[in-house]
Amino acid sequence: MRGTPCCNMARIRILIADDHAVVREGLAHMIEDQPDMRVVAEAADGEAAVAAAVSSDPHIALLDMRMPGLGGVAAIRKLRERCPGTRVLVLSMYEDPHYVRAALAAGAHAY
């Protein structure tokens, strides 16, 4: 049943990091439709994602692999170092096993 979650039900806090605004907006709309989830921050690059994670303490960070400046692998490492309780999920169009291995080796929980 959709609607406002029960007052004692904790909502899953999510950070979305992708350099494409339309992707961030689409994911945010889908997430906000879920009664037990909410977007607490958005970022367009890796540095902004790490800073947003530090300030918003998300349960989950959805990260793109290829972003300007600090890319996905480096952002994953920094995020895991500074926010060890945040689960990092990589959402990417790249199916190359190299990207998958690099993301998981950097500390991502899923690709």
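Computed from a predicted model, the values in this text were never measured in an experiment. (Residues numbered from 1 in each chain as written. Predicted model: local features only at pLDDT ≥ 70, side-chain atom pairs only at ≥ 80, totals over all residues. Heavy atoms only, no water.)

Our focus in this paragraph is the pattern of salt bridges. Pairing of side chains with opposite charge becomes possible as their charged atoms draw close. Tallied over the entire structure, the rule returns three salt bridges. Between Arg24 and Glu42 there is a salt bridge, and its shortest N-O distance comes to 3.6 Å. Taken together, the positions of Arg24 in helix H1 (residues 21–32) and Glu42 in strand S2 (residues 37–43) put the pair 18 residues apart, joining distant regions of the chain. By relative accessible area, Glu42 is classed as partly exposed at 40%. (Salt bridge = Lys/Arg side-chain N within 4 Å of Asp/Glu carboxyl O. Helix = DSSP H or I, 4+ residues; strand = E, 2+ residues; numbered from the N terminus. Buried < 20%, exposed > 50% of the residue type's maximum accessible area, 1.4 Å probe, protein only.)

Within the open sheet, the four strands sit side by side as S2-S1-S3-S4. Their pairing is parallel. Every other strand in the sheet has two partners, leaving S2 and strand S4 (87–90) as the edge strands with one partner each. Within this sheet the neighbouring strands show an average axis-to-axis angle of 25°, counted without direction. Pairing analysis gives six bridges linking strand S1 (residues 12–17) to S2, with the strands arranged parallel. Bridge pairing in S2 links Ile12 to Met37. (Pairing = 2+ DSSP bridges. Axes fitted to C-alpha atoms, helices over the stretch in contact; angles between N-to-C directions.)

This brings us to helix H2 (residues 46–56). Restricting attention to buried positions, one finds in H2 the residues Gly46, Ala49, Val50, Ala52, Ala53 and Ser56. With its buried residues spanning 165° around the axis, H2 presents them on a single face. Between the side-chain oxygen at the start of H2 and the backbone nitrogen of Glu47 there is a gap of 3.1 Å, and the oxygen is on Asp45. Asp57 sits one or two positions beyond H2 and adopts a positive phi of about 50°. (Arc of directions from axis to C-beta. Polar contact = N/O pair within 3.5 Å; in protein donor to acceptor, adjacent residues only side chain to side chain.)

We now examine the layout of surface pockets. Regions of empty space are outlined by a rolling probe, equal in size to a water molecule, passed over the atoms. Reported here for the largest pocket is a volume of approximately 190 Å³. Lining the largest pocket, in full, are Asp18, Asp19, His20, Val23, Asp64, Arg66, Leu91, Ser92, Met93 and Tyr94. Here the residues of the lining of the largest pocket are counted per class, giving four nonpolar, two polar and four charged. (1 Å grid on protein atoms, 1.4 Å probe; cavity = no way out; pocket = protein on both sides within 12 Å on 5 of 7 lines; lining within 4 Å. Points joined across faces, edges and corners; volume = space filled by probe spheres on them. Nonpolar A, V, L, I, M, F, W, Y, C, P; charged D, E, K, R; others polar.)

With respect to the helices and strands, Ser55 occurs in helix H2. C-alpha of Ser55 to C-alpha of Val40: the two residues are 15 residues apart in sequence and 9.7 Å apart in space. Only 3.2 Å separates the side chain of Ser55 from the backbone oxygen of Ala52, close enough to count as a polar contact.

Here we take up the packing of helix H3 (residues 72–82) against helix H4 (residues 97–106). Contact geometry for H3 and H4: axes closest at 8 Å, N-to-C directions at 15°. With respect to each other, H3 and H4 are oriented roughly parallel. Our pair here, H3 against H4, has a crossing hand that is right-handed. Contacts from Val73, Ile76, Arg77 and Arg80 of H3 reach H4 at Ala102, Ala103 and Ala106. (Parallel < 35°, antiparallel > 145°, perpendicular 65-115°, else oblique. Left-handed = near helix turned anticlockwise from the far one by under 90°. Contact = heavy atoms within 4.5 Å.)

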